[in-house]
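If you want the building blocks of each chain, they are given just below.
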Amino acid sequence: MRNISRFAAFLLSVALVFSLVSCTENSDDISENIEAYLAKEYPGREFAVIDYEKHSETSGRYEINVRCLDDGVEFMMYMYSSIAITDSYSVERANAIMEEAVTDELGKELNEKIESVSWHNIFADRATNYRFREIDLAENFTIAALDEIYEVELASGLGAEEVGKAIYDFVYKLCDDVEDNCEITRAEFVFKINRITYRFTTDSRSVLALGKDGVVYYIITNIEENSSSSREIEFEYLWGEAKETNEE
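These notes cover the structure that comes with them.

What counts, and at which threshold
Residues numbered from 1 in each chain as written. Predicted model: local features only at pLDDT ≥ 70, side-chain atom pairs only at ≥ 80, totals over all residues. Heavy atoms only, no water. Salt bridge = Lys/Arg side-chain N within 4 Å of Asp/Glu carboxyl O. Helix = DSSP H or I, 4+ residues; strand = E, 2+ residues; numbered from the N terminus. Pairing = 2+ DSSP bridges. Axes fitted to C-alpha atoms, helices over the stretch in contact; angles between N-to-C directions. Contact = heavy atoms within 4.5 Å. Parallel < 35°, antiparallel > 145°, perpendicular 65-115°, else oblique. Nonpolar A, V, L, I, M, F, W, Y, C, P; charged D, E, K, R; others polar.

A few words on the pattern of salt bridges. A full pass over the atoms with the stated rule returns 12 salt bridges. Taking the shortest distance from any N to any O, the salt bridge between Arg186 and Glu236 comes out at 3.7 Å. Remark: Glu236 occurs in strand E9 (residues 231–237) and Arg186 occurs in strand E7 (residues 186–193); sequence separation between them is 50 residues. Here the salt bridges do not stand alone but share partners, grouping Glu151, Glu188, Arg199 and Glu232 into one network.

As structure tokens, then:
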């Protein structure tokens, strides 16, 4: 009986050693694949892996968090195999550059009412949570490139009137002057009042045509002051039409 116990313990120790060796080799392979991919895609730039995790529910996909040491941009990589890799560096970098340009244009007072500005959805069209969008690398982007804005998240704690004023002021600051050469054909503003998250889609022509009082009135008439449950509501006002869609 003792011999059997010793043999079982021996098998367990061998299995443990084999597991540790396999994990080490796998970790080395992953690191090599990441380094090779980034060196090929972005030559001359330095990167550091923050951490990574394997998700079995997405076909064994590795989700990797990375930081570019040249500009500080943090982004994600999805690795399905050594040849099936996608990353969000270019779109995260473009979003960061544009957000800085927008911030400089808005001024301190209005920036306090804006949580974040995302120029592009980081995922490619019709590829949410599967493949990242790719943007041409550039040293800077101007406000004139803002033909669409994926999401403007407003700061928490704003009332309905403050939300309307913030939306108008945001568009006015960016597109009020002819020299700005700015026309936003679509932008989504996200804000929360009470327990409801609202997504308001509009464009610069509609906002400027409505005026500040008009935008405030439209926001107030499309929100619910009281709600017993958290939910999300979408509504929109686009140039030439007023279309409203409420989804519970």
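Now for the sheet that holds strand E4 (residues 85–87). The antiparallel open sheet is built from 4 strands, whose spatial order is E1-E2-E3-E4. A single partner strand is all that each edge strand has here, and the edge strands are strand E1 (47–55) and E4. Sheet twist, expressed as the mean angle between neighbouring strand axes with direction ignored, is 20°. Relative to strand E3 (residues 74–79), strand E2 (residues 61–68) is paired through 6 bridges, and the arrangement is antiparallel. The partner of Asn65 across the bridge, within E3, is Met76. The strands touched by helix H2 (residues 89–106) within the sheet are E1, E2, E3 and E4, with E3 carrying the most contacts at an inclination of about 160°.

Where H2 meets helix H4 (residues 160–175), the closest approach of the two axes is 9 Å, and the angle between their N-to-C directions is 95°. Classified by the angle between their axes, H2 and H4 sit roughly perpendicular to one another. Taken together, the residues of H4 that come into contact with H2 (itself represented by Val102, Glu105 and Leu106) are Phe170, Lys173 and Leu174. Of the residues contributing to the contact of H2 with H4, the split by class is 4 nonpolar, no polar and 2 charged.

Worth remembering: the numbers are spatial, not functional.
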